[in-house]
Every structure is written in structure tokens, then in C-alpha cells.
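Observations on the model geometry
So you can see what is in the structure, the chains are spelled out below.
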Amino acid sequence: MTRHTPRPVRRIGAGLAALAVTGVLLPTSSQAAVSHAAEGAGDGVDVVNTETVQVYMDADGGIDTKRVYEQLTLTGDGDVELANPIEESGLRNLDGFSGFSVEDGEQQVDMSVDGVERLRTVSTYTGDLPLDVDIAYELDGKSVDASDIVGESGHLEVTYTVKNVTAKPQEISYADGTGSMVTETVDVPVPMVGSLTTVLPPNFSEVQSGQANMAGDGKGGTKMSFTMTLVPPIGSDTATFGYTADIEDGLVPRASISALPVNPLESPTFKTAATSYQGGAQTGEALAAGATEIDTNLLKLRDGAGDLISGLVQLRDGAGELETGLAGRAAPGARQLSAGAGELRTGLGKIDDGAGQLADGARKLADGTGEAKTGSQKLNAGLKKISGGLDQLAATTTGLPKAQAGITLLQDGVGQILAGFGGGPTDQGLINGLSQLENGAAILGGGLRQLRGDGASSGLGLAKFAVDGVQQGLAPAVAENGSLDDLAQGLRDVQVYCNPAAQQQCVDAHEGMRAGVLDSKAQLTDANGYLIDVSGGLGTAIAGLDNQLIPGVGQLNTGLTDAKNGAIKLKAGVASVGGGLDQLEQGLTTAVAGVLKLANGANDAEAGSGDLTDGLSQLDTGAGQLADGAGELSTGTGSAVDGSGQIADGAEELSTGLDDAADGSGLLSDGLRQAASAAPAIPDGAARLSKEGMSQLITAGEDTAKEYGQLYATVQAGSKRAEAESMAYGAPEQARGLTAYSFEITGEDGEGGRNTLRALGALVVVGLGLGAFALRRRMG
């Protein structure tokens, strides 16, 4: 058993951040780290184990450090005794300075839990990483290293290539569509999903990417997020993506990759694709089975075609004998009978035609007189209504004369409306009011444009440019390790040169100056922050002028111009209405005179229509009696014609039927001869369809079953690996967890070299101070 003693805890913040990444990446539902009661834990205690492997890389993709952060979360009430697989190399406790026991690579936990307990550790990760990350840079089309970009300007292209390198050879089995199974060895990786995020600074412009989700960061920069689906065969095991940008005073921003294993058969995102592979395999099997059954039936059709050929030969011979009998004997007798019946029907038909014409004429006369009588009655009623309506139109209190008075009132109203529009140079109407508003909007737009100014040379733009200049001058002075920090450090270093005789006064003086420098730094830092806020406010004001106020005033001016033009057109339309009212008044005067004349004529027509109705009543009665007599005559002759017609029709149908039968027997004979000659092609066609059609369909079904069966079997194998190898080191028995992987790619901005120069300068100052001190002691 190994007892690990406490060590100084370093990079605790990084470890906690990695654990936070784990919480973000863990999937929901069945893929989440499900808590179970671990073996040896109390009945009321659940155990959850999570691991986060954190990798620090330089900007060119080289690996600096690899660590694994472990967290055991115990929830409940009871005693717990468990063993957690763990990495011993560089093992440290993140929760304090106490040690813990490790036996055979397993952390031994024996404790009581009341509520929630968390045990967190960090170790040096010694295992293989599941992802291989490659980074390439091109500046103006030339391949460069990350350090070559610092301080440069040009067109930058960055390409990330991330590959899932967990593949292992593994046997898979699947149906081949014929009822048998196929076993083969394929490379099966652990399915992985992940994302890369980075923030490009404001000096990166014209940012383009065909794969990223992009958004602003609120500070002038660009947030970018790339998604990776490294889940073969649903996706590729390699993801290549990146971006391009135009840069000034270049640097390489840091980037973060987060990834974790995923079970494609349980993840809602990938489960549909896996199910479609399974369905494709089943469809291929069903297609092959159905085609096989059709092929069997085709062979049966080929065998039964021989019996069909023998029957057709017998039918052909019988149809020939039938054709000879019908054409030679039965048909001529039927034709003679039909000719005699036709002559009888012709004579009776002429008699029936005369009686029918007489009856038709009588019926039409009766119908016409009845309709004429009804029409005269309707005419009389209509004339009464017309006469009453014309009287109402001519009334002075309710008819057309009253409408003339209303038109006069409308003409007065139109005159008042035209006066309200105005339009003359001194009028106070609507049109002049709109003109004054139009001029005011133009003056307002000019004032807003003067306030905005031209770029950074005047107005608010010039004010923001000045504020930004002051802030950019203060920022290097108040920055960490800036000029004020250097000045304060230099004052402290100069203390060693104080005159021994007045050393305390010298020290006090330098301390006072150093305190003043630090106080100045604090105040200038605040001022720097205020300047940033002022610059932001000016930027917002300029944006508001450019995007809202100035365009809005322009739209207002345009709208007022359109309103004025509309008012002018409306005034012209009202004037046209006034002219139309004048014409309407003249037309009504003419209409009143015409209505009076129509009323007199309608009264005369009403009296004449009464006499017409009486005469038509008498004519209608006589026509009815004539129609009844003619109808009885027509009925008698019609019956005789019908009898003779039935005889003729029967004979004709018999003759026609025998002719048709003879023709049909000939056609039947011809058809049977053709069928007998063509029937031998049926067995040949069935055999060819079986060979050239169904066999290919069977092959296609088998190929589909094998292709989709292999894909689904590969997904199943990957799913099993995701379940069995989801953790880097494993969890205690009966507890589940997942491992998340975090790759932190550091940026490159040249600060590393400047910090080294500062450190060397400080060492030189210290060296000079020590040398002076030693010299004074030797001289003393």
C-alpha cells in the first residue's frame, strides 16, 4: 500500500475549470454519468465518478502537459468503502493537504457520508489521447509557425485537423441476405463528439469560415465554435475546419477543444442514423426473399405454359368448323326475312307520320295560347308596378326632385373642402402646412449630420477618436508589468544605493515615492476604465445617428414630400367631383321630365293589356279541344307502326347477329392460330425474366442487406466500446461515469519574450546592487 503525502497544490483553478468542462460536456438521458450505489457503499449512498483529461498544447500543436482530474461525488447517508481506479503519477489532493491511500492503482475510500461529499484529485495523465490535433498556419499564402504571425499584417488562414485515433481491429458479424451470417474484421473506434471554440480579437477583420458558428463577443472580437462528429460510419473519423481573416499587428488567439465518448445507439442525435442502417439491412433481406419467391413462381409459369399450348391448338381447329357453318347456311335466310319486314314497316310509318304531325300541331297551338294568356296576365301586373314606380320617382318629397336639393348641398361641401386645401403662396391650408414640415425635416437632417461629423475628423467621430487615443496611451502604463510597475520596482531597487548615514531617511523617501506611484497607477487605472466607457458610449451614439436618427429623418422628409404631393392630387380629385355634381344636377332635371312622360304612357298600356288577356282565354279553350282529338288519332297509328317495326327489327337483328357470329368465329379462329403460334414464347420469356430480372433483383437485395448490415454492426461495435471504454481509468464497481477531454491550445502574442527581458533586467539591477553592497563592506 502506498501512502501519498500532501504536496503544494498548483493550478487548482485549471483543475476546477476542467471539471466544469466535464459538467458541460456530459450528455443527458441514458448517456449521462448515472449514479449507482457502489459495491461496499451503504444502502443510502449513491456514487458518481467523473474524469477530465486536460491537455495543454502550444500554438503549433505540440503537447506541453497532460493531467487527469478525478471527482468522486457521494450522496446520501451511510458508510462507504470502495476502490476507485486512479493514476498514481503526480497524484495530488485538490481538496486540501491531507493524504490518501492507493493500493494497486486504486484509491481506497473508507468514510461516512451525511449529505454530499466530494473527493477530487489531479494526476499526470500517462495514457494515450483519443484525439490527434494538428494546426497549420498560412500568412499571405505562405506556411508559417505561430510565432511568425506575431506583429505581422496580412491574410491569415488557420486550419485545424482533429482525428479520432482510438480505432482497433475488431470482428463484426451480420446477415448476408441469404439467411447466413458474415464475419469480418474492421477498424472500430470509440465514437467521439466535441467542439472547438476560440475568440478572434478586434484586429482580425473579414473573418470567414465555412464550418463555424460565429457571433460577436461584445468587445469588437468574433466568437467561433466548430462542432466535430467523429463517429464512423455515421461520420468521418477526421474533422478538418478553420477560418481566414485579414490581420494587423497579428497574434494567435488561444483555442479550446472539448470532447467525450458517445454511445450512438442511445444518443438521440445519432440513434436515428443507426436505426436507418438496421432498417436498410432488414429491407435488403426482405427484398431478396421476395425476389426469390417471384423467381420460383416464374419457373412454375414456364412449366404450365406447355399445357396451355395444347389447349390452344384444339380451340383453333373447332373455331374453323364454326366459321364455315355460320357463313354458308344460316346467314342468307335471315337476310331475306329482314327485307320483307322492312317493307311493311315503311308503309305503316308513312301513316303514323301524318297523324303525328297533326297531333303535334294541335298541341303546339294549345301550348302557345296558354303561354300567351299567362304572359298577358304578367304584362298587366308588370305595367301596374311600372306605373306605381314612376309615380314615386316623380314625387316632389321623396323622388328625383328631392335628390336635386341634396346635390346642391354636396356642391357647397366640395367648395369648403377645396378652400381647406389651400395651395396659394399666402394660404394657410393643408398643402402649405406640409411644405413647412418638409423644410423643417431637411434642416433637422443637416443638423444631425453635422453632429455626426465626417469619420474621425469632426463631430462625435472626432471626440471618440480623441478619447480612444488617450485611453490607448494610458493602457500600457497601467497594464500588469507596465511602465508604472517598472517605475515602482525601480524605486524599490534603488533603495540599496542609499547613503548609510541617511539610509532610513532615504528608504522612507523612496517608499513614499513608490506609494505615490502605486496610488497614481490605481487612479490612472480607474481613468482608463472611464475612458473605455466613454468611448463605448460615443460609439453607441454614432451608431444610433448612422443607423436610426439620420435615416429616420430622411424617411420623414420623403414621407412629407409624398404627403404634400398626395394632398395636391386629392385637391384636384375633389375639384373633379364638383364638376361631376354639376353634370349630375343637369341630368336629374332632364330625368324628372322623362319620368312624367313614362308615367302617362304606362297608364295607357295597362288598360290595353286587360283586353288582350280576355281574347287569349277564349283562343286557349278551342286549341285544347283540337289537341285532344289529334292525340287519339296519333296513338292508334303509332301502335300499328310499333308492331311492324318490332317484326323488322327482330329479323334484322337475327341477320346481323348471324353475320357477326360468322365474323366473330373467323376472328376467333385467327386469334387462336396466332395464340397457338405465339404461346411457345411464354416458357422462354418466363425463363429469361427469371435469369435476367429476378436474379439481379435478388443480388441487389443481398448487397443492400450486407452493406447496411455491416454499417449497423460497426455502429453496434462502436457503441459497445463507448460503454466499455467511456472512462480513461474506470469507476468503482456499480458506479458509472464518463471521461471528458479538454485540449487547451495556448495563444501566441509575444508576451513570453517580453517577460523574459523584464526578468533579465531585474536580475541585472539586483546584481549591481549586490555588487555595490559587497564593495561598501569591503571598503568599510
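Residues numbered from 1 in each chain as written. Predicted model: local features only at pLDDT ≥ 70, side-chain atom pairs only at ≥ 80, totals over all residues. Heavy atoms only, no water.

A word on the nonpolar core
Rule in force here: As used in this record, nonpolar core signifies buried Ala, Val, Leu, Ile, Met, Phe, Trp, Tyr and Cys residues forming a set joined through side-chain atoms within 4.5 Å. Partly exposed describes any residue whose relative accessible area lies between the buried limit of under 20% and the exposed limit of over 50%, with all areas from a 1.4 Å probe on protein chains only and scaled to the type maximum. The contact rule is simple, with two residues in contact once any of their heavy atoms fall within 4.5 Å.
In this structure, Y137, Y160 and F743 are the most contacted members of the largest nonpolar core, which totals 42 residues. What F743 contacts, discounting residues up to four positions off in sequence, is V55, M57, L129, L131, V133, A255, S256 and I257. Of all hydrophobic cores here, the second largest spans eleven residues; its members include F421, I431, L434 and V574.

Regarding the pattern of salt bridges
We count it as follows: Basic side-chain nitrogens of Lys or Arg form a salt bridge, by our definition, when they fall within 4 Å of a carboxyl oxygen of Asp or Glu. Helix and strand definitions here come from DSSP, where helices need a minimum of 4 consecutive H or I residues and strands a minimum of 2 consecutive E residues; each element is numbered from the N-terminal end.
Applying the stated rule across the entire model yields five salt bridges. Note that D95 is salt-bridged to R120, the shortest N-O span being 2.8 Å. Placement of the pair is D95 in the loop between β4 (92-93) and β5 (100-103) and R120 in strand β6 (residues 106-124), with a sequence separation of 25 residues. Note on R120: relative accessible area 18%, which makes it buried. Put simply, D468 and K464 hold a salt bridge, and the shortest N to O gap is 2.9 Å. Linking D468 with K464, this pair stays in helix α5 (residues 459-478), spanning four residues, or about one helical turn. Using a relative accessible area of 19% as the deciding quantity, one classes D468 as buried.

As for the sheet that holds strand β13 (residues 204-208)
Basically, it comes down to this: For two strands to pair, DSSP has to find at least two bridges joining them. Angles here are taken between N-to-C directions and fall from 0 to 180 degrees, while the axes themselves are lines fitted to C-alpha atoms, restricted in helices to the stretch in contact.
Spatially, β8-β7-β9-β16-β13 is the arrangement adopted by the five strands of the open sheet, whose pairing is antiparallel. Strands with a single pairing partner mark the edges of an open sheet, and in this sheet they are β8 (142-144) and β13. For this sheet the average axis-to-axis angle between neighbouring strands, irrespective of direction, equals 30°. Where strand β7 (residues 131-139) lies against β8, three bridges are found, and the strand directions are antiparallel.

Some details on the packing of aromatic side chains
So the rule is basically this: Note on aromatic pairs: the rings of Phe, Tyr and Trp (six-membered ring only in Trp) are paired at centre separations within 6.5 Å, and the planes decide the class, stacked below 30 degrees, edge-to-face beyond 60, tilted for the rest.
Applying the stated rule across the entire model yields three aromatic pairs. Here Y125 and Y729 contribute two aromatic rings whose centre-to-centre distance is 6.0 Å and whose plane-to-plane angle is 85°, an arrangement assigned as edge-to-face. Pair noted here: Y125 is in the loop between β6 and β7 and Y729 is in the loop between α8 (681-724) and β18 (739-745), with a separation of 604 residues, a long-range link. Residue Y729 is classed as partly exposed on the basis of its relative accessible area, which comes to 22%. Through pairs of rings, three or more aromatic residues link up here, namely Y160, F226 and F241.

Regarding the side chain of S123
The following threshold applies: Between N or O atoms, a polar contact is any pair within 3.5 Å; within protein, one atom must be a potential hydrogen donor and the other a potential acceptor, and residues adjacent in sequence are included only when both atoms are from side chains.
Turning to its location among the elements, S123 is positioned in strand β6. Residue S123 is classed as buried on the basis of its relative accessible area of 3%. Of the polar contacts made by the side chain of S123, one reaches the backbone oxygen of E87; its length is 2.7 Å. Ignoring anything within four residues of it in the chain, the contact list for S123 reads K66, R67, V68, E87, S89, G90 and L91.

Some remarks on the layout of surface pockets
Heads up, the rule is: Put plainly, a pocket is an open set of points on a 1 Å grid over the protein atoms alone with protein on both sides within 12 Å along at least five of seven lines, a cavity is a set where a 1.4 Å probe fits but cannot get out, and a lining residue has an atom within 4 Å of a point. Grid points are joined across faces, edges and corners, and a volume is the space filled by probe spheres set on the points.
Each pocket or cavity is described by its volume, and for the second largest pocket that value is around 340 Å³. Contributing to the lining of the second largest pocket are 18 residues, with D128, P130, T166, E725 and Y741 lying nearest its centre.

A closer look at the environment of A687
Residue position: A687 is located in helix α8. Sequence separation between A687 and D303 is 384 residues; the distance between their C-alpha atoms is 9.8 Å.

Notes on the confidence of the model for the protein chain
Fine structural detail should not be taken from predicted coordinates in areas where pLDDT scores are low. Heads up, the condition is: The score called pLDDT rates the predictor's confidence residue by residue, from a low of 0 to a high of 100.
Confidence in the prediction for the protein chain averages 78 pLDDT; 75% of positions are at 70 or higher. When mean pLDDT is taken per element in the protein chain, strand β9 (residues 154-164) scores highest with 98 and helix α1 (residues 12-25) scores lowest with 37.

Some words on the side chain of T166
In this structure, T166 sits in the loop between β9 and β10 (168-175). Residue class for T166 comes out buried when judged on its relative accessible area of 14%. Side-chain polar atoms of T166 contact the side chain of N164, separated by 2.7 Å. Setting aside residues no more than four positions away along its own chain, T166 makes contact with P130, V188, P189, V190 and R721.

A word on a negative patch on the surface
Note the threshold: Like-charged residues are merged into a patch within 9 Å and nonpolar side chains (Val, Leu, Ile, Met, Phe, Trp, Tyr) within 5 Å, provided each residue has over 30% relative accessible area and no salt bridge. Only the protein chains shown count as cover for residues, and the accessible areas themselves come from Shrake-Rupley with a 1.4 Å probe. Note on charges: Lys and Arg go in the positive column, Asp and Glu in the negative column, and His and the chain ends are not counted at all. Just so you know, the charge point we use is NZ for Lys, CZ for Arg, CG for Asp and CD for Glu.
On the surface, D77, D79, E81, D110 and D114 cluster together to form a negatively charged patch. Among the elements of the structure, β3 (63-85) and β6 are those that each provide at least two residues to the negative patch. Tallying contributions element by element places β3 first for the negative patch, with three residues. By the element assignment, D110 lies in strand β6.

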